Amino acid sequence: MKRLLWPAYRRLAGTAAFRRLRHRPGSREELHAYWREPSDPYNRPAAYLDKHERSLLVVDLVARHARTDDRILEIGCGVGRNLEHLRMAGFTRLSGNEISEEALGLLPEAY
């Protein structure tokens, strides 16, 4: 597997929201419960509807290393913003998974 998103990871790793998540201890069940219903406003599904510059970064990184007919799976796709930007960039074999029912409910409305 190619590490396409390492530049984005390094860029975001310094943000306060990322540090809070990174140091969040917990069991698998606690982590799943958090992502099903995030308690902080930074990770609520609606917060992902308007961060298009992040999706443009993802498209740029993926386009450098993948062909438009490569299969792409986004784990934790949220409301589908990154997948929609990839689709608009010509990528055709896209899949995503998400455990938040709120995010899944917003996905058809948003994209």
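Above this text sits the structure in question.
Presented here is an overview of the structure given in this document. (Residues numbered from 1 in each chain as written. Predicted model: local features only at pLDDT ≥ 70, side-chain atom pairs only at ≥ 80, totals over all residues. Heavy atoms only, no water.)

Some thoughts on the nonpolar core
To keep it simple, the criterion reads: Residues grouped as a nonpolar core are buried Ala, Val, Leu, Ile, Met, Phe, Trp, Tyr and Cys residues, joined through side-chain atoms within 4.5 Å. Each residue's exposure class comes from its accessible area (1.4 Å probe, protein chains only) as a fraction of the maximum for that residue type: buried when under 20%, exposed when over 50%, partly exposed otherwise. Secondary structure elements are taken from DSSP: a helix is a run of H or I of four residues or more, a strand is a run of E of two residues or more, and numbering for both begins at the N terminus.
Counting 9 residues, the largest nonpolar core consists of V58, V59, V62, A66, I72, C77, L83, L86 and F91. Looking at this core, the elements that each hand over two or more residues are helix 4 (52-65) and helix 5 (81-88). Top contributing element to this core by residue count: helix 4, with 3 residues.

A closer look at the packing of aromatic side chains
The condition is simple: Only the six-membered ring of Trp is used, alongside the rings of Phe and Tyr, when aromatic pairs are assigned; centres must lie within 6.5 Å, and planes under 30 degrees apart are stacked while those over 60 apart are edge-to-face, with the rest tilted.
Considering all chains together, one arrives at 1 aromatic pair under this definition. On the numbers, 4.9 Å between centres and 80 degrees between planes, the contact of Y34 with W35 is edge-to-face. Residue Y34 is classed as buried on the basis of its relative accessible area, which comes to 8%. Classification of W35 by relative accessible area gives partly exposed; the value is 36%.

Topic: the pairing of strand 1 (residues 71-75)
So the rule is basically this: Two strands are counted as paired when DSSP detects at least two bridges linking them. When the strands point away from the viewer and the path from the first strand over the helix to the second turns clockwise, the crossover is right-handed.
Of the two faces of strand 1, the one lined by I72 and E74 is fully buried and the one lined by R71, L73 and I75 carries no buried residue. In this sheet, strand 2 (residues 93-97) lies alongside strand 1 in parallel orientation, the contact comprising 5 bridges. Across the sheet, residue I75 finds its bridge partner in strand 2, namely N97. This β-α-β element, strand 1 to helix 5 to strand 2, shows right-handed connectivity.

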